[in-house]
There are 2 protein chains.
Amino acid sequence: MEHPPDLKITLIGAGTIGLSFAAFHLSHLSHLSASHVTIYDTRPNAESYILESLPQFYGTHSPPLLSNVRIATTLEGAVSGAHIIQESGPENLAIKQALWAEVEKHAPETALLWSSTSGIPASLQAQDMTDKTRLLVVHPYNPPHIMPLLELVPSPDTSPNVISRTEEFWRQRGRVPILVKKEITGFVANRLAFALLRESIHLVDSGVVSISDLDRIVESSMGPRWAVAGPFKSYHAGGGPAGLEGFFNNIGQTVQDCWDDAGKVNVGEGWEQKIFSEAREVYGAVDTGERDRITRRLLDVLAEEREKGRRK
Amino acid sequence: MEHPPDLKITLIGAGTIGLSFAAFHLSHLSHLSASHVTIYDTRPNAESYILESLPQFYGTHSPPLLSNVRIATTLEGAVSGAHIIQESGPENLAIKQALWAEVEKHAPETALLWSSTSGIPASLQAQDMTDKTRLLVVHPYNPPHIMPLLELVPSPDTSPNVISRTEEFWRQRGRVPILVKKEITGFVANRLAFALLRESIHLVDSGVVSISDLDRIVESSMGPRWAVAGPFKSYHAGGGPAGLEGFFNNIGQTVQDCWDDAGKVNVGEGWEQKIFSEAREVYGAVDTGERDRITRRLLDVLAEEREKGRRK
């Protein structure tokens, strides 16, 4: 994707995700003088709320310039002239359908239309649009100004050109856009994380381990391991010369035994109060600033190592 | 645990896990001149095999001294006089039962007895022992000379004193020993990892995402996140002021939808050849030295940050 010298990105919705994306885009815009980020939000006093809240998403890297921010007061004003329109509004199908039908009337024909939804597929969101080829889900891993992953989930109608321009946009900014090939429930990252969360809840609920001990287990094993090599690569390496097949030859029975014995907790089945209150007791209010600062350090190491690997 | 000036650790079994533990212990022994690590293995030419293979587990930190290694030629010679006896032999119940019954005859009464098994509980391993109070599982996350986690899984007979001396030993060496309160199938870390692996296999098998894209998703989201804050802490933070309860209030339905839709693949159901061969094509032979070097860098950052947190 060739970026115009006056790149205009419009963000619809100034909740946590919208502002985090705004901070990310601003920190990658500041050298393009005529470029800016427009934010549109229907809450009262949106302008003062946005200008006050944004800086908390900046972190320590290259603080962006508020002079590159525009606050729009109408949807039409927000989207006309935009190259990219990214919505992070409420998770409500009717609202999103109405939004895109209205956006379509005022946005340039070539504008990329992205939804940050964690659950409502583009094919449903686009139902009231005339041209359904331009919309896709661009689902971040929270918070997007820190975490590199973007799951790109097109509908069957999304055009290949829109997909490749979207991939290119994120790649040029050092991010990791991954194409999800089907509009599956929860996309990929959340399905994986929630599978592990389900077993975590089961193990705490059945008295095998405490919440803080379970977290320490993950922090001192899978977390750092999977930051370097994902599950397939890890187990492929763990199988020796025979790879993943060797791994399953060696301990496939243990894997199956764990699967057979896995917890099947469901939301609303009564484990909630014990788990929620233990989490409150152990963690209180989490200092996400501290967490994000350390996460950035790890991501910097990983980016540096990837760069080294590329230069080899 | 007070360490004697002549700490003697005996390792039974010189496979990958045994040698990795040997490298770890040696790198923490070298300043104690009269201390040593004894290795016992029944393979032919054990001595030359061990002395040739050990150095590949050293890494770059403080290379240990081979002069602190003793190679035993009999089990009796290996365990008599030892303070700690750690077995990393074949995953075979009969072998382990016979081993511990024999070890018990020759080891000092106060010696700690640890099994590295990933699946055979201490209560079964101890069945032919007279004194069952001294044995527990000390399950590493591979490779133990790099990864900080040790799952301590006592049997109902293991004495509290043995458990606390074991915890203390690992804590003094900067490791993360976590007590697992029940002898559950697969213990905790593998159950969690295998839950995520099951969903990973399902998503690749059903064409949603490729093996390398799934790994890149985990490497750029959950991996670095969970290295800093485990799943409960992460979602507790993600729920804002209402914590984990707020998280489930917000997206509990999406979580349940993912659980309802989760894959139920089993070993031997036919997905294997596609998945194994895709892993081979993408990764070939994984450079675990490179992986371990990068993992050490991340772990060093995390240890430094924990140290900072403690000094606050």
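- You'll find chain A entered in an unreviewed UniProt entry as NAD(P)-binding protein, with Melanomma pulvis-pyrius CBS 109.77 given as the organism.
- According to its UniProt record, chain A has this under Sequence similarities (unreviewed entry): "Belongs to the 3-hydroxyacyl-CoA dehydrogenase family."

### Re the environment of Gly 230 of chain B
- Its location among the elements puts Gly 230 of chain B in the loop between helix H9 (222–228) and helix H10 (231–238).
- Excluding its chain neighbours within four sequence positions, the residues that come into contact with Gly 230 of chain B are Asp 215 and Glu 219 of chain A.

### Here we look at unusual backbone geometry
All names here are of chain A.
- Here Asn 142 and Pro 143 are connected by a cis peptide whose omega angle stands at -5°.
- Following the sequence through the fold, Pro 143 ends up in the loop between strand E6 (135–140) and strand E7 (149–154).
- Of note, Phe 187 is a non-glycine position whose phi angle comes to about 55°, a positive value.
- Of the residues examined, Phe 187 reaches a relative accessible area of 1% and is grouped as buried.

### Section: the interface of chain A and chain B
- Tallying the contact residues gives 110 residues for chain A and 110 residues for chain B.
- Counting each side, the surface lost to burial between chain A and chain B is near 10,400 Å², with a carbon and sulfur contribution of 70%.
- Taken together, chain A and chain B are joined by 12 salt bridges.
- Close ionic contact of Arg 191 of chain A with Glu 199 of chain B constitutes a salt bridge, the shortest N to O distance being 2.7 Å.
- At the boundary of chain A with chain B, the tally comes to 34 residue pairs in polar contact (both at pLDDT 80 or more).
- Considered class by class, the residues forming the side of chain A that touches chain B number 59 nonpolar, 24 polar and 27 charged.

### Focus: the relation of the copies chain A and chain B
- Laying chain A over chain B is done by rotating through 180° and shifting 0.0 Å along the axis; what remains is an RMSD of 0.0 Å. With respect to symmetry, the two chain copies, as superposed, fit the operation of a two-fold axis. For chain A, the minimum C-alpha distance to the rotation axis belongs to Gly 223 of chain A and amounts to 2.3 Å.
- When the interface residues of chain A are mapped onto chain B, 100% of them again lie at the interface, so the same face is used by both copies.

### Describing the sheet that holds strand E6 (residues 135–140) of chain B
- On the basis of which strands lie adjacent, the open sheet formed by 8 strands has the order E3-E2-E1-E4-E5-E6-E7-E8 (chain B) and mixed pairing. Across the chains shown, the open sheet's two edge strands, defined by having one partner strand only, are strand E3 (69–72) and strand E8 (176–179) of chain B. Taking each pair of neighbouring strands and ignoring which way they run, the sheet shows an average axis angle of 25°.
- Here 5 bridges tie strand E1 (residues 8–12) of chain B to strand E2 (residues 36–40) of chain B, and the two strands are oriented parallel to one another. By the bridge assignment, Leu 11 of chain B is partnered in E2 of chain B with Ile 39 of chain B.
- Each of strand E7 (149–154) and E8 of chain B is contacted by helix H8 (residues 211–219) of chain A, which is oriented at about 140° to E8 of chain B, the strand it contacts most.

### Description of the environment of Glu 87 of chain A
Residue and element names in this part refer to chain A.
- Relative to the helices and strands, Glu 87 is located in strand E4 (residues 84–87).
- Accessibility expressed as a relative area gives 1% for Glu 87, which makes it buried.
- Setting aside residues no more than four positions away along its own chain, Glu 87 makes contact with Ile 12, Lys 96, Leu 99, Trp 100, Trp 114, Ser 115, Ser 116, Thr 117 and Gln 125.

### What to know about the packing of aromatic side chains
- Using the criterion set out here, one finds 24 aromatic pairs over all chains in the structure.
- Aromatic pair Phe 248 of chain A and Trp 271 of chain B: ring centres 5.3 Å apart, planes at 75°, arrangement edge-to-face. With one member in each of two chains, Phe 248 of chain A in helix H11 (residues 243–261) and Trp 271 of chain B in the loop between helix H11 (243–261) and helix H12 (272–283) form a pair that bridges those chains.
- Classification of Phe 248 of chain A as buried rests on a relative accessible area of 8%.
- Classification of Trp 271 of chain B as buried rests on a relative accessible area of 3%.
- Judged by centre distance (6.0 Å) and plane angle (75°), the rings of Trp 271 of chain A and Phe 276 of chain A are edge-to-face. Side by side, Trp 271 of chain A and Phe 276 of chain A carry an identical accessibility label, which is buried.
- In this arrangement the basic side chain of Arg 173 of chain A is found over the ring face of Phe 169 of chain A, its NZ or CZ atom lying 3.7 Å from the centre.

### Observations concerning the pairing of E4 of chain A
All names here are of chain A.
- Covered by surrounding structure in E4 are Ile 84 and Gln 86 together with Ile 85 and Glu 87, the residues of both alternating faces.
- The pairing of E4 with strand E5 (residues 112–115) spans 4 bridges and is parallel. Opposite Gln 86, over in E5, you have Trp 114 as the bridge partner.
- Of the crossover connections in this fold, the one passing from E4 over helix H4 (residues 93–106) to the parallel E5 is right-handed.

### Focus: the domain arrangement of chain A
Residues and elements named next belong to chain A.
- The domains assigned to chain A are domain 1 (8–179) and domain 2 (189–311).
- Here domain 1 and domain 2 have C-alpha centroids that lie 30 Å from each other.
- Residue-level contacts link 15 residues of domain 1 with 8 residues of domain 2.
- In this assembly, domain 1 packs against domain 2 so that about 870 Å² is buried in total across both faces, 59% of it on carbon and sulfur atoms.
- Connecting domain 1 to domain 2 are 0 salt bridges.
- Taken together, the links from domain 1 to domain 2 amount to 2 residue pairs in polar contact (both at pLDDT 80 or more).
- For the side of domain 1 that touches domain 2, a count of residues per class yields 8 nonpolar, 6 polar and 1 charged.

Calculation criteria
- Residues numbered from 1 in each chain as written.
- Chains lettered and ligands numbered in written order.
- Predicted model: local features only at pLDDT ≥ 70, side-chain atom pairs only at ≥ 80, totals over all residues.
- Heavy atoms only, no water.
- UniProt positions renumbered as here; feature names shortened; annotations may be inferred.
- Helix = DSSP H or I, 4+ residues; strand = E, 2+ residues; numbered from the N terminus.
- Contact = heavy atoms within 4.5 Å.
- Buried < 20%, exposed > 50% of the residue type's maximum accessible area, 1.4 Å probe, protein only.
- Buried area = accessible area lost by both parts, 1.4 Å probe.
- Salt bridge = Lys/Arg side-chain N within 4 Å of Asp/Glu carboxyl O.
- Polar contact = N/O pair within 3.5 Å; in protein donor to acceptor, adjacent residues only side chain to side chain.
- Nonpolar A, V, L, I, M, F, W, Y, C, P; charged D, E, K, R; others polar.
- Least-squares fit on C-alpha atoms with pLDDT ≥ 70 in both.
- Pairing = 2+ DSSP bridges.
- Axes fitted to C-alpha atoms, helices over the stretch in contact; angles between N-to-C directions.
- Phe/Tyr/Trp six-rings, centres within 6.5 Å; stacked < 30°, edge-to-face > 60°.
- Lys NZ or Arg CZ within 6 Å of the ring centre and 35° of its normal.
- Right-handed = clockwise from strand over helix to strand, strands pointing away.
- Domains from an automatic or database assignment.

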